[in-house]
Amino acid sequence: QVQLVESGGGLVQPGGSLRLSCAASGSIFSINAMGWYRQAPGKQRDLVATITSDVSTNYADSVEGRFTISRDVAKNTVYLQMNSLKPEDKAVYYCNAVVTLHTGIRLASWGQGTQVPVSS
């Protein structure tokens, strides 16, 4: 019912920048919130940043000041601009969206994940 397609991952050196994108499609009436989570090998999936329909943002302490989340409402797309990347940012990044369908059902969906290897 809802598909999230991520793009923009790839190898980057420490100190570098990368921009992730996630486009939502399907029977979407409205998007309540979108966000990014990440999961490093052997660790749990953690919140990176979220943005709500009223453009309220929330960041993990570890990325505050380095990452910026934004969204294009017309395109149902959320972006994550990642600057000053560190080796500890290496993870699989997952897009998440909380949407209301045309049927009135509200649900959360996940993207397939995109790799962000940070290595020199």
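Located above this text is the structure these notes cover.
Quick notes on the rules
- Residues numbered from 1 in each chain as written.
- Predicted model: local features only at pLDDT ≥ 70, side-chain atom pairs only at ≥ 80, totals over all residues.
- Heavy atoms only, no water.
- Disulfide = S-S within 2.5 Å.
- Helix = DSSP H or I, 4+ residues; strand = E, 2+ residues; numbered from the N terminus.
- Buried < 20%, exposed > 50% of the residue type's maximum accessible area, 1.4 Å probe, protein only.
- Core = buried A, V, L, I, M, F, W, Y, C linked by side-chain atoms within 4.5 Å.
- Contact = heavy atoms within 4.5 Å.
- Pairing = 2+ DSSP bridges.

Q: Can you tell me about the state of the cysteines, naming the residues and giving the values?
A: Enumeration over the complete set of coordinates arrives at one disulfide. A disulfide bridge connects cysteine 22 with cysteine 95, and the sulfur atoms are separated by 2.1 Å. Where cysteine 22 bonds to cysteine 95 through sulfur, the torsion about that S-S bond is close to -80°, and the disulfide is left-handed. Note that cysteine 22 is positioned in strand β2 (residues 18-26) and cysteine 95 in strand β8 (residues 91-101), a separation of 73 residues in sequence. Of the two residues, cysteine 22 and cysteine 95, neither departs from the other in class, the shared state being buried.

Q: An account of the nonpolar core is requested, with residue identities and associated values reported.
A: Judged by nonpolar contacts, the single largest core of 32 residues is most densely connected at Met34, Trp36, Leu80, Met82 and Tyr93. If you list the elements that add at least two residues to this core, you get β1 (2-7), β2, β3 (28-39), β4 (45-52), β6 (67-72), β7 (77-82) and β8. Sorting elements by how many residues they give to this core places β8 first, with six residues. Once residues within four sequence positions are removed from consideration, leucine 80 is found in contact with Leu18, Arg19, Leu20, Trp36, Val48, Ala49, Phe67, Thr68, Ile69 and Tyr93.

Q: Lay out the pairing of β3 with the relevant residues and their values.
A: The side chains of a regular strand alternate between both faces of the sheet. Along β3, nine of the 12 residues are buried, which leaves the element largely enclosed by surrounding structure. Judged from the seven bridges that link them, β3 and β4 form a sheet pairing that is antiparallel. Opposite arginine 38, over in β4, you have aspartate 46 as the bridge partner.

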